[in-house]
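Residues per chain are reported as follows:
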Amino acid sequence: MPTRTAAQRREQERVRYDAYLAQCPARQLLERIGDKWVSLVLNALADGPLRHGELNRIVAGVSQKMLTQTLRALERDGLVTRTVTPTVPVRVDYGLTALGRSLLPVVAAVKDWAETHIEEVHAARRAYDG
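Model, not experiment: these values are computed from the prediction.

Chemist: Can you walk me through the packing of helix α3 (residues 36-44) against helix α5 (residues 64-76) in this structure?
Modeler: Helix packing for two helices is described by the angle between their axes and how far apart those axes are. At their nearest, the axes of α3 and α5 sit 10 Å apart, and the two run at 75° to each other. By the angle between their directions, the pair α3 and α5 is classed as roughly perpendicular. Between α3 and α5, the contacting residues are W37, V38, V41 and L42 on the first element and M66, L67, T70, L71 and L74 on the second. The residue makeup of the contact of α3 with α5, split by class, is eight nonpolar, one polar and no charged.

Shown next as structure tokens:
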């Protein structure tokens, strides 16, 4: 096996995580983050842990099944934590992990941008369609 220089190793690592490549592992994460339910759930959890029902009320339009799938995926990715409190009935809370909180400024900025610029986008769509 030929010896590689540090620069060659860095270049290989850089190429390995090029999200433009179909096989790049980072691309899977970008697909997850780009999901509309993911960004809305993360933003909903910004102020602290919530129960499934509370999230369902806050994130209008998401089905219980899709919310459950989204929460499981976020938990698997280490962005959300699921805390079970053994009461009657059992209480389950979802909250952001440190990794999830580190993503929050990005998804919050996208949400804020969408809310700020939706009228301009609507105008552009009307102009395009007209």
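Chemist: Can you help me understand α5 in this one?
Modeler: With 13 residues, α5 extends 18 Å between its outermost C-alpha atoms, agreeing within 8% with the 18 Å of an ideal straight helix rising 1.5 Å per residue. Listing the buried residues of α5 in full gives L67, T70, L71, A73 and L74. For α5, the buried positions fall inside an angular range of 165° around the axis, keeping them on one side. Opposite its buried face, α5 presents the exposed residues Q64, K65, R72 and R76, each directed more than 90 degrees away.

Chemist: Sorry, what's going on with the nonpolar core here?
Modeler: The nonpolar side chains of a soluble globular protein tend to be buried with one another. Counting residues in each nonpolar core, the largest one holds 21 residues, and the members touching the most others are L42, L45, L55 and V80. Those elements that provide at least two residues to this core are α3, α5, β3 (91-96) and α6 (98-129). Broken down by element, the residue count for this core peaks at five residues, all from α3. Setting aside chain neighbours within four positions, we find L55 in contact with V41, A44, L45, L50, L67, L71 and Y94.

Chemist: Honestly, the layout of surface pockets in this entry has me stumped. Any pointers?
Modeler: Empty space among the atoms becomes apparent when a probe as large as a water molecule is rolled across them. There is about 160 Å³ of room inside the largest pocket. Looking at the largest pocket, the residues that line it are I33, K36, S39, L40, N43, V106, V107, V110 and K111. At the level of elements, α3 and α6 are the ones that each hand at least two residues to the lining of the largest pocket. Split into classes, the residues belonging to the lining of the largest pocket amount to five nonpolar, two polar and two charged.

Cut-offs and rules
Residues numbered from 1 in each chain as written. Predicted model: local features only at pLDDT ≥ 70, side-chain atom pairs only at ≥ 80, totals over all residues. Heavy atoms only, no water. Axes fitted to C-alpha atoms, helices over the stretch in contact; angles between N-to-C directions. Helix = DSSP H or I, 4+ residues; strand = E, 2+ residues; numbered from the N terminus. Parallel < 35°, antiparallel > 145°, perpendicular 65-115°, else oblique. Contact = heavy atoms within 4.5 Å. Nonpolar A, V, L, I, M, F, W, Y, C, P; charged D, E, K, R; others polar. Expected span 1.5 Å × (residues − 1). Buried < 20%, exposed > 50% of the residue type's maximum accessible area, 1.4 Å probe, protein only. Arc of directions from axis to C-beta. Core = buried A, V, L, I, M, F, W, Y, C linked by side-chain atoms within 4.5 Å. 1 Å grid on protein atoms, 1.4 Å probe; cavity = no way out; pocket = protein on both sides within 12 Å on 5 of 7 lines; lining within 4 Å. Points joined across faces, edges and corners; volume = space filled by probe spheres on them.

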